[in-house]
Amino acid sequence: MKNFTFFLLIFSVHSVFSQQEQRFEGRIYADSISEIQVNIVNLTNHLGTTNSRNGEFSLPAKAGDSVIFSSVKYKVYRLKINEEHLEEFNTIFLENEVTELEEVLITNLDLTGDLLNDAKKIKTYRGLQAEDLGLPAYDPPKLTPAQRRYKSATSDPVSLLVTVLSGRIKDLKRHKAYDELEMKINKARDLIPVGYESKTLAIDTLYVDDFWYFCEQQSGFNQAMNEKNPLVMIEFLESQLESYKVYKEEAMDTKE
């Protein structure tokens, strides 16, 4: 009988705590979200998490808490939790924080509306080729899917005119920029030992990717990467550590 009473007491306590815990759950929608970790922090209870590869997240919260979504790659998004947020699976849309390339100007073209005729007005030139100089043919590097789409869409006058007029060229440039950024950061990360950021620099594993995106935007990153010297890259990362900590503190201190 005593054992049964003890078991009932433990079960009741567990049920009470289970009922009290509430969670803010949902999915983030943004370009390249499967490759990016967004820091999701409850500024009220100082708990945080990151998204899964499909953008889903789950965070302890209650009505009235302030939650912030931050990443160097996306604009900061802040949200005040209410009861509806705790009762449903939420959808969060993040805006890109990427400097876009200049727009392609076509206002100086006298367009008629006939794509085939208008395309003929766009001048194209054949560049100097290796064979023209008696040199071996150049074997170009393999392109990422986004780079191939961008090249395909701008490789001939008709495709260029269609994509410019439809606005699709803007999205292709943005995806191309994302791919190039990922390749650049991965190339730099290959220079240092695995786990160096968390083990030596003591950066929480949740924020390692965020730390790299921060460093990539700082002056001196390209030079350190071009040196192809692990010691040079390590020295650069260490020089940015304190600035990154200040950046994170300011982001987490920011409330609605």
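These lines cover the structure that appears in this document, whether it is placed above or below. For every chain, the first residue of its written sequence is number 1, and the numbers climb from 1 along that sequence. Owing to the predicted nature of the model, reporting of local features is limited to residues with pLDDT of at least 70; listing and counting of side-chain atom pairs is limited to 80 or more, with chain, interface and lining totals taken over all residues. Excluded from the side-chain calculations are hydrogens and water; all other atoms, namely the structure's heavy atoms, are used.

## Some thoughts on the side chain of Asn 39
Link 1 in the chain: Here Asn 39 is to be found in strand 2 (residues 39-42).
Link 2 in the chain: Accessibility here uses a 1.4 Å probe with only protein chains present; expressed as a share of the type maximum, an area under 20% marks a residue as buried, one over 50% as exposed, and anything in between as partly exposed. Residue classification places Asn 39 among the buried residues on the basis of a relative accessible area of 0%.
Link 3 in the chain: By the criterion applied in these results, polar contacts are pairs of N or O atoms within 3.5 Å in which, for protein atoms, one can donate a hydrogen and the other can accept it, and in which residues neighboring in sequence qualify only through two side-chain atoms. Among the polar contacts made by the side chain of Asn 39, one reaches the side chain of Asp 210 at a distance of 3.5 Å.
Link 4 in the chain: Two residues form a contact once any of their heavy atoms are found within 4.5 Å. Non-local contacts of Asn 39, meaning those with residues more than four positions away in its chain, are made with Thr 49, Thr 50, Ile 68, Phe 69, Ser 70, Leu 206, Tyr 207, Asp 210 and Lys 248. In this text, helices come from DSSP runs of H or I with a minimum length of four residues, and strands from runs of E with a minimum of two, each type numbered from the N-terminal end.

## Description of the pattern of salt bridges
Link 1 in the chain: We count a salt bridge whenever a side-chain nitrogen from Lys or Arg sits within 4 Å of a carboxyl oxygen from Asp or Glu. Summed over all chains, the structure comprises 10 salt bridges.
Link 2 in the chain: As a salt-bridge pair, Glu 35 and Arg 53 come within 3.1 Å of each other at their nearest N and O atoms. Of the two residues, Glu 35 is situated in the loop between strand 1 (23-29) and strand 2 and Arg 53 in the loop between strand 3 (47-50) and strand 4 (56-60); the sequence distance between them amounts to 18 residues.
Link 3 in the chain: Taking relative accessible area as the criterion, Glu 35 reaches 43% and is therefore assigned partly exposed.

## Section: unusual backbone geometry
Link 1 in the chain: At Ser 32, a residue that is not glycine, the phi angle is positive and equals roughly 60°.
Link 2 in the chain: Within the secondary structure layout, Ser 32 lies in the loop between strand 1 and strand 2.

## Some points on the pairing of strand 5 (residues 66-71)
Link 1 in the chain: Most of strand 5 sits out of view: 6 of its 6 residues are buried.
Link 2 in the chain: A strand pair is defined by DSSP finding two or more bridges across the two strands. As paired elements, strand 5 and strand 6 (residues 74-80) share 5 bridges and run antiparallel to each other. Among the inter-strand pairings, Ile 68 is bridged to a residue of strand 6, identified as Arg 78.
Link 3 in the chain: Count of turn residues in the strand 5/strand 6 antiparallel hairpin: 2 residues.

## Quick word on helix 8 (residues 208-216)
Each α-helix turn comprises 3.6 residues. Residues three or four places apart therefore point the same way.
Link 1 in the chain: Counting buried residues along helix 8, 9 of its 9 residues qualify, which places the element largely inside the surrounding structure.
Link 2 in the chain: The set of residues buried in helix 8 consists of Val 208, Asp 209, Asp 210, Phe 211, Trp 212, Tyr 213, Phe 214, Cys 215 and Glu 216.

## What about the sheet that holds strand 1?
Link 1 in the chain: The strand order across the open sheet formed by 3 strands is 4-1-7, and the pairing between neighbours is mixed. Unpaired on one side and paired on the other, strand 4 and strand 7 (90-93) mark the two borders of the sheet. If you compare each strand with its neighbour and ignore which way they point, the axes differ by 35° on average. For helices, the fitted line uses only the C-alpha atoms of the stretch in contact; every axis is such a line through C-alpha atoms, and the angle between N-to-C directions lies from 0 to 180 degrees.

## Here we look at the sheet that holds strand 6
Link 1 in the chain: Spatial strand order, 3-2-5-6: 4 strands in an open sheet with antiparallel pairing. With partners counted over all chains shown, the strands left at the sheet margins are strand 3 and strand 6, one partner each. Pairwise comparison of adjacent strand axes, ignoring direction, gives a mean angle of 15° for this sheet.
Link 2 in the chain: Where strand 2 meets strand 3, 4 bridges bridge the pair, whose relative direction is antiparallel. Bridged to Ile 40 within strand 3 is Thr 49.

## Points about the environment of Lys 248
Link 1 in the chain: Relative to the helices and strands, Lys 248 resides in helix 10 (residues 230-253).
Link 2 in the chain: Take Lys 248: its relative accessible area is 7%, and that puts it in the buried class.
Link 3 in the chain: Not counting the four nearest positions on each side in its chain, Lys 248 is found in contact with Asn 39, Ser 70, Tyr 207 and Asp 210.
Link 4 in the chain: Of note is the side chain of Lys 248, whose polar atom sits 3.3 Å from the side chain of Asp 210.

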